[in-house]
Amino acid sequence: MSKIEVKVPDIGDFKGVPVIEILVKPGDAIKAEDPLIVLESDKATMEVPAPESGVVSELLVQVGDKVAEGSPILTLVADGAAAPSPAAPPPPAPEAKPEPVPVPGPAPEAGKPLSTMPILGLRAPLADFGDVLASPAVRRLARELDIDLTRTPATGDKGRITKEDVKAFLSGGKAAPAMAGAGIPEIPAIDFSKFGPIEEKPLSRIRKLSGPFLHRSWLNVPAVTHNDEADITDLEDFRKKLDDEGKKAKEPTRVSLLPFLIRASVAVLKQFPDFNSSLSQAKDSLIHKKYWHIGFACDTPEGLVVPVIRDADKKGVLDLARELGDLSAKARAGKLTPAEMSGATFTISSLGGIGGTSFSPIVNAPEVAILGVVRSKMAPVWTGDEFIPRLMLPLSLSYDHRVIDGAAAARFARALCVVLEDIRRLSL
């Protein structure tokens, strides 16, 4: 068989996605679906799998290269063809010596720290840090920690920034890190080992990537949480019947409460379009979206991810249940693509399987609202004549107060409760 050229598969609308790891080398024998390279978008990391078994012939990318859908990454000799000898790697290119870039503004006075970075989210995302001298590993570490290498003092040979420089920058030894935010003091470093035994475990890649985004939303969105509760006694009876039928189907499908929450949310979002919008970049207008893509928080061994159900308004409860199952399985296996985590207009975070009475979910900017759900409970409800036991579902709606007023949030939450309390209002 002849050589085949392996290209980057569909990764959504992302362009210029950096290659942060290469997992194979020329001469390696690989199997279909084995990971070849790792890409890092602003949403998550993604492994590019091998389309079939064979032997790696030639690498066409290097760490730090930027790729998009269709970019060639390597050539592969499929099983059954003679594998060529690995080509000798090309000699490294001579290291560039960029001229120092002057920093505008007056120089800091002696003894005073450098100025702090802007609040996270008020500057453009860092891509390749221009002409900074740093290895791919250091650049990757800086991206994960959201540190601007152009402001990091260098102590390495010929002005090269080292990992130690990045760590010193993060700890505040040289300057305040980007995540600290303007005017926000860093938590002082503490040697916990002096109090007793400790064990240090590195954060998972997902937590390293999601942390800065959560921090950015927390700092930039003036969020308020409104709480309400819905009587889902009748809805739960119907859900159990659907779940029993789904388990006996040719392709077994579990039906949880989440598909109903998605359908109900879409119905209410259509009544309150401001909740399905985003602020413009200039913050002087609202962008109303004429599509309804619902994100749902998914707990995985590596941390929280948010897959997206696209065009949820066009899908019934059983269709949503199947898609939720498929996306949740991919999330737990770490196989979600960036496209499957992009474009949400509204997010639901459900802790119903665990417990709790209420919580304040963080708005997933640039969305303007998020719904939090905890475990339902039986409670006495007054009918006007007597108390009767009803199954009540607590709802917590967090919203961006720049876009949504408290009265609108209360009306939205109440309308959502009304839909959940009468499933005839849902298009199943």
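In case you missed it, the structure is sitting above this.
I will try to describe carefully the structure that is included in this document. Owing to the predicted nature of the structure, the values given are computational and were not obtained by experimental measurement. Sequence order as written defines the numbering, with residues in each chain counted from 1. Note on the predicted model: pLDDT of at least 70 is required for a residue's local features to be given, and 80 or more for side-chain atom pairs to be given and counted; whole-chain, interface and lining totals, by contrast, use all residues. The side-chain quantities take in all heavy atoms of the structure and omit both hydrogens and water.

### Some details on helix 7 (residues 406–421)
- Here a strand is any run of E in DSSP of at least two residues, a helix any run of H or I of at least four, and the numbering for each starts at the N terminus. Take the number of residues in a helix, subtract one, and multiply by 1.5 Å to get its expected span. With 16 residues, helix 7 extends 22 Å between its outermost C-alpha atoms, agreeing within 8% with the 22 Å of an ideal straight helix rising 1.5 Å per residue.
- Each residue's exposure class comes from its accessible area (1.4 Å probe, protein chains only) as a fraction of the maximum for that residue type: buried when under 20%, exposed when over 50%, partly exposed otherwise. Listed as buried for helix 7 are A409, F412, A413, A415, L416, C417, V419 and L420.
- Any two residues having at least one pair of non-hydrogen atoms within 4.5 Å are treated as being in contact. Looking at the buried positions of helix 7, the neighbouring elements they touch are strand 9 (223–231), helix 4 (233–248), helix 5 (258–271), strand 16 (346–350), strand 17 (369–373) and strand 19 (387–400).

### Examining unusual backbone geometry
- In this chain, A365 is followed by P366 through a cis amide linkage whose omega measures 15°.
- On the secondary structure map, P366 appears in the loop between strand 16 and strand 17.
- The backbone of K283 shows a phi angle near 60°, a positive value even though the residue is not glycine.
- K283 gets classed as partly exposed once you look at its relative accessible area, which sits at 48%.
- The phi dihedral of D311 falls on the positive side, at around 50°, and the residue is not glycine.
- The residue D311 is located in the loop between strand 15 (308–309) and helix 6 (317–332) in this model.
- With relative accessibility at 28%, the residue D311 sits in the partly exposed group.

### Things to note about the packing of helix 5 against helix 6
- Interaxial distance between helix 5 and helix 6 falls to 9 Å at its minimum, and their mutual angle equals 120°. With respect to helix 6, the element helix 5 is oriented oblique. Remark: the crossing between helix 5 and helix 6 carries right-handed chirality. Listed contacts from helix 6 to L258, P259, F260, I262 and R263 of helix 5 are V317, L320, A321 and L324.
- A per-class count over the contact of helix 5 with helix 6 returns eight nonpolar, no polar and one charged. Axes, fitted as lines to C-alpha atoms, cover a helix only where it is in contact. Angles between the N-to-C directions of the axes lie from 0 to 180 degrees. We call two directions roughly parallel when the angle between them is under 35 degrees, roughly antiparallel when it is over 145, roughly perpendicular when it lies between 65 and 115, and oblique otherwise. The hand of a helix crossing depends on one turn: near helix anticlockwise from the far one by less than a right angle means left-handed, and clockwise means right-handed. Three classes are used, and their members are as follows: Ala, Val, Leu, Ile, Met, Phe, Trp, Tyr, Cys and Pro are nonpolar, Asp, Glu, Lys and Arg are charged, and the others, Gly among them, are polar.

### A few points about the sheet that holds strand 3 (residues 29–30)
- Only strands joined by at least two bridges in the DSSP assignment are considered to pair. Read from one edge to the other, the open sheet built from four strands follows the order 1-8-6-3, with strand pairing classed as antiparallel. The outermost strands of the open sheet, each flanked by one partner alone, are strand 1 (3–7) and strand 3.
- When strand 3 meets strand 6 (residues 54–59), the two strands line up antiparallel, connected through two bridges. From the neighbouring strand, I30 faces strand 6, where its bridge partner is G54.

### A few points about the packing of helix 5 against helix 7
- Running from N to C, helix 5 and helix 7 cross one another at 130°; their axes reach a closest spacing of 9 Å. It follows from the interaxial angle that helix 5 and helix 7 lie oblique. Crossing of helix 5 over helix 7 shows right-handed handedness. Seen from helix 5, the contacting residues are F260, L261, A264, S265, V268, L269 and Q271; seen from helix 7, they are F412, A415, L416, V419 and L420.
- Taken together, the residues that form the contact of helix 5 with helix 7 break down as ten nonpolar, two polar and no charged.

### Looking at the packing of aromatic side chains
- Think of it this way: a Phe, Tyr or Trp ring, Trp meaning its six-membered ring, pairs with another when their centres are within 6.5 Å, and the plane angle makes it stacked under 30 degrees, edge-to-face over 60, tilted otherwise. Inspection of every chain in the model, using the stated rule, returns six aromatic pairs.
- For the ring pair F272 and F412, a centre distance of 5.7 Å and an interplane angle of 70° mean the geometry is edge-to-face. Placement of the pair is F272 in the loop between helix 5 and strand 10 (277–279) and F412 in helix 7, with a sequence separation of 140 residues. Accessibility assignment for this pair places F272 and F412 in one class, buried.
- Note on F346 and F412: the rings are 6.0 Å apart at their centroids and 50° apart in plane angle, and the pair reads as tilted. Taken together, the residues span a long stretch of sequence, with F346 in strand 16 and F412 in helix 7 at a distance of 66 residues.
- Its relative accessible area of 0% is what places F346 among the buried residues.
- What makes F412 buried here is its relative accessible area of 0%.
- Ring pairs connect the aromatic residues F272, F275, F346 and F412, which therefore count as one cluster.

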